[in-house]
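Chain by chain, the residues:
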Amino acid sequence: MLSYIVHRILIMIPTLIAISIVIFTIINLPPGDYFSTYIAELQSSGEAADLAKINFLKAQYGFDRPLWEQYIFWAGGLLHGDMGYSFAYNLPVNQVVGDRLLMTFIVSFSTILFTYIVSFPIGVYSATHQYSWSDHLLTLLGFLGLATPSFLLALVLLYLANVYFGISIGGLMDPKYVDQPWSFGKVLSVAAHLWIPVVVIGTAGTASMIRRLRANLLDELQKQYVVTARAKGLHPLKLLFKYPLRMALNPFISDIGSLLPHVISGAAIVSVVMSLPTTGPMLLDALRSQDMYLAGSFLMFMAFLTVIGVFISDLALAVLDPRIRLQAGRRE
Amino acid sequence: MTRHAYPPSALFGDYLRAAAGFFPTIAVLAIVPVGIVGGTMLAGFAALFAVFGVRTALRHCTSIEVTEAALQSSGLLQASFWWSELDRMKLSYYSTRRDGRGGWMQLKLGAGWSTLRIDSRVEGFSELVIASVKAAEMRGLSLDPATSANLQALGIELQATEPRFGNAAGAAI
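Residues numbered from 1 in each chain as written. Chains lettered and ligands numbered in written order. Predicted model: local features only at pLDDT ≥ 70, side-chain atom pairs only at ≥ 80, totals over all residues. Heavy atoms only, no water.

Comments concerning the packing of aromatic side chains
All names here are of chain B. Put simply, the rule is: Aromatic contacts are taken between Phe, Tyr and Trp rings whose centres are within 6.5 Å, Trp giving its six-membered ring; a plane angle under 30 degrees counts as stacked, one over 60 as edge-to-face, and the others as tilted. Secondary structure elements follow DSSP: runs of H or I of four or more residues count as helices, runs of E of two or more count as strands, with numbering from the N terminus. For every residue, the accessible area (1.4 Å probe, protein chains only) is compared with the maximum for its type, and the residue is labelled buried under 20%, exposed over 50%, or partly exposed between those bounds.
Inspection of the entire model under this criterion finds nine aromatic pairs over all chains. Measuring from centroid to centroid gives 6.1 Å for Tyr94 and Trp104, while their planes differ by 45 degrees, and the two rings are tilted. Pair noted here: Tyr94 is in strand β5 (residues 88-94) and Trp104 is in strand β6 (residues 104-111), with a separation of ten residues, a long-range link. You can call Tyr94 buried: its relative accessible area is 6%.

And the structure:
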């Protein structure tokens, strides 16, 4: 296992370097830069730009240097936690991101937990009670969850939460706690608001996981070793947990890789609708305004989460089911 | 009696990996002011690669002797047990490629507190696996589905093709 971990880490490092080069190239592809757009905007509205400050920032962040030097400067900064400077906010990216990153983590991990906690027992129940009325009901709910657009569900839940629970519309906390230091009241307010975005963002993922777990588990439950174990009188729960469930979990675990970045990037539209103070809306703004360090750092953060997620899911798969799997028509 | 050791050519790649992970990490730690979080992560990586390097060196100096009655590893990684005491066996396959090719196997054998992990790059790995399977079948050990699949991939047929549902002492249901 140690060899496997070392191999995987050694693959991760060049992968991250390659991704950082691609990200930096892409955010530099549009003509001009943030400053030229900014100056053009000011001139079109008849205002004077502070050219001295702009030239200072250009020189400080190496905009007058070749692209590869700019990349080295940016990537070197990332290594020691300097994510660059947000020209749109006139603040270092670290300060701009601030609480938003923490909020994003809270929303994302709560959503992942919600997805797993809800889908796991329902998927197992549906598979072990195939074609019962409860299975049909859960299947219907699953399809509804898959088919309902997240932003629509967000609007409906915001309305219901406000009317029936008195929770303020939008945001992750009551307005009086915004920009205030953390306190017990603020934590309670976040907890009271959190369930809406978690349910909205997690519903589609939960529904698809239920369907997949059900299908995988049904495949396993029909195999001969399960029939043999049943015939020999093994306790149904022990049989379920010892082999079929473990086998059925493989696709479940391999999903972790795509789950982390998907929850963050996929939540952007919902975050805009619900006015969540997370990173999604900020990423959209940064991409629109060519705020390159802010956009690049976000994209790099998401790429990092993807690589970490795939690493975790690969490790979990290697621990749970380290069997030989050769693709392209070879032995499975 | 057969003797199995890791050929230096097989371990050369592992030495390179340990060095490729350890030295750049240490260099970054020494040169770049990385902060507490980054520093902890890099120090963790450095420790991991150092342990990997040490383990590769230990494997380099280890040889495994197999007889009809027992298995013994001598050198710096010492372990030994009688086949009649074998109470766990697991054959795992690891690959870092998406298509599953180019991987390696690891045979894990245990008796009581004694555990031995043998990499498939050891000379005569198949003979070692066959001897282990014989002992496992003699002891009536329960082999998990992954081990059974990997044994079949090696062309080793089990007497009982279905996994057994019982404890290590062979109390099958």
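Points about the layout of surface pockets
Here is the rule: Space inside and on the surface of the protein is sampled on a 1 Å grid over the protein atoms alone, with a cavity defined as a set of points where a 1.4 Å probe fits but cannot get out and a pocket as an open set with protein on both sides within 12 Å along at least 5 of 7 lines; lining residues have an atom within 4 Å of a point. Grid points are joined across faces, edges and corners, and a volume is the space filled by probe spheres set on the points. Under the convention adopted here, Pro, Cys and the residues Ala, Val, Leu, Ile, Met, Phe, Trp and Tyr are nonpolar, Asp, Glu, Lys and Arg are charged, and Gly plus all remaining residues are polar.
Approximately 1400 Å³ is the volume attributed to the largest pocket. In terms of lining, the largest pocket is formed by 42 residues, of which the most central are Leu16, Leu78, Leu79 and Phe304 of chain A together with Met41 of chain B. Of all the secondary structure elements, the ones that give two or more residues to the lining of the largest pocket are α1 (2-27), α4 (67-79), α5 (93-128) and α15 (292-320) of chain A together with α1 (8-31) and α2 (35-60) of chain B. In terms of residue class, the lining of the largest pocket is built from 33 nonpolar, nine polar and no charged.

Remarks on the domain arrangement of chain A
Residues and elements named next belong to chain A. Which entries qualify depends on this criterion: All domain edges in this entry derive from an automatic or database-based domain assignment. Every residue pair with non-hydrogen atoms within 4.5 Å of one another is taken to be in contact. Any carboxyl oxygen of Asp or Glu that lies within 4 Å of a side-chain nitrogen of Lys or Arg is treated as forming a salt bridge with it. N or O atoms closer than or at 3.5 Å make up a polar contact, with two conditions inside protein: a donor-capable atom paired with an acceptor-capable one, and, for residues adjacent in sequence, both atoms drawn from side chains.
Domain boundaries assigned for chain A yield domain 1 (15-82) and domain 2 (96-320). Using only C-alpha atoms to locate each centre, domain 1 and domain 2 end up separated by 35 Å. Between domain 1 and domain 2, the residue contacts involve 19 residues of the former and twelve residues of the latter. Counting every contact that joins domain 1 to domain 2 gives zero salt bridges. Along the contact surface separating domain 1 from domain 2 lie zero residue pairs in polar contact (both at pLDDT 80 or more).

A word on the sheet that holds β5 of chain B
All names here are of chain B. Formally: For two strands to be treated as a pair, DSSP must find at least two bridges joining them. The angle between two axes is taken between their N-to-C directions and runs from 0 to 180 degrees, where each axis is a line fitted to C-alpha atoms and a helix contributes only its stretch in contact.
Pairing in this open sheet of three strands is antiparallel, and the strands run β5-β6-β7 from one edge to the other. Two strands close off the open sheet at either side, each with one partner strand: β5 and β7 (114-119). Pairs of neighbouring strands in the sheet enclose a mean axial angle of 15 degrees, with direction left out of account. Running over the sheet, helix α3 (residues 125-139) touches β5, β6 and β7 and is turned about 40 degrees from β6.

Let's talk about the nonpolar core
As a rule of thumb, nonpolar side chains are buried together in soluble globular proteins. Operational definition: For our purposes a nonpolar core is just a set of buried Ala, Val, Leu, Ile, Met, Phe, Trp, Tyr and Cys residues, chained together by side-chain atoms within 4.5 Å.
In terms of nonpolar packing, the biggest core is built from 46 residues, with Phe87, Tyr293 and Leu294 of chain A touching the most fellow members. Breaking this core down by element, the ones donating at least two residues are α1, α2 (34-44), α3 (51-60), α4, α5, α14 (279-288) and α15 of chain A together with α2 of chain B. Not counting residues up to four positions away in its chain, the partners in contact with Tyr293 of chain A are Tyr61, Phe63, Phe73, Trp74, Met83, Gly84, Tyr85, Phe87 and Val93 of chain A.

Comments concerning the pairing of strand β2 (residues 63-66) of chain B
Residues and elements named next belong to chain B. Going residue by residue along β2, you find Ser63 and Glu65 tucked away on one face and Ile64 and Val66 tucked away on the opposite face as well. Here strand β1 (residues 2-5) runs beside β2; their pairing, made up of four bridges, is antiparallel. For Ala5, the partnering residue across the bridge sits in β2 and is Ser63. Pairing geometry for β2 and strand β3 (residues 70-74), over four bridges, is antiparallel. Residue pairing in the sheet places Val66 in a bridge with Leu71 of β3. Between β2 and β3, which pair antiparallel one after the other, the connecting turn spans three residues.

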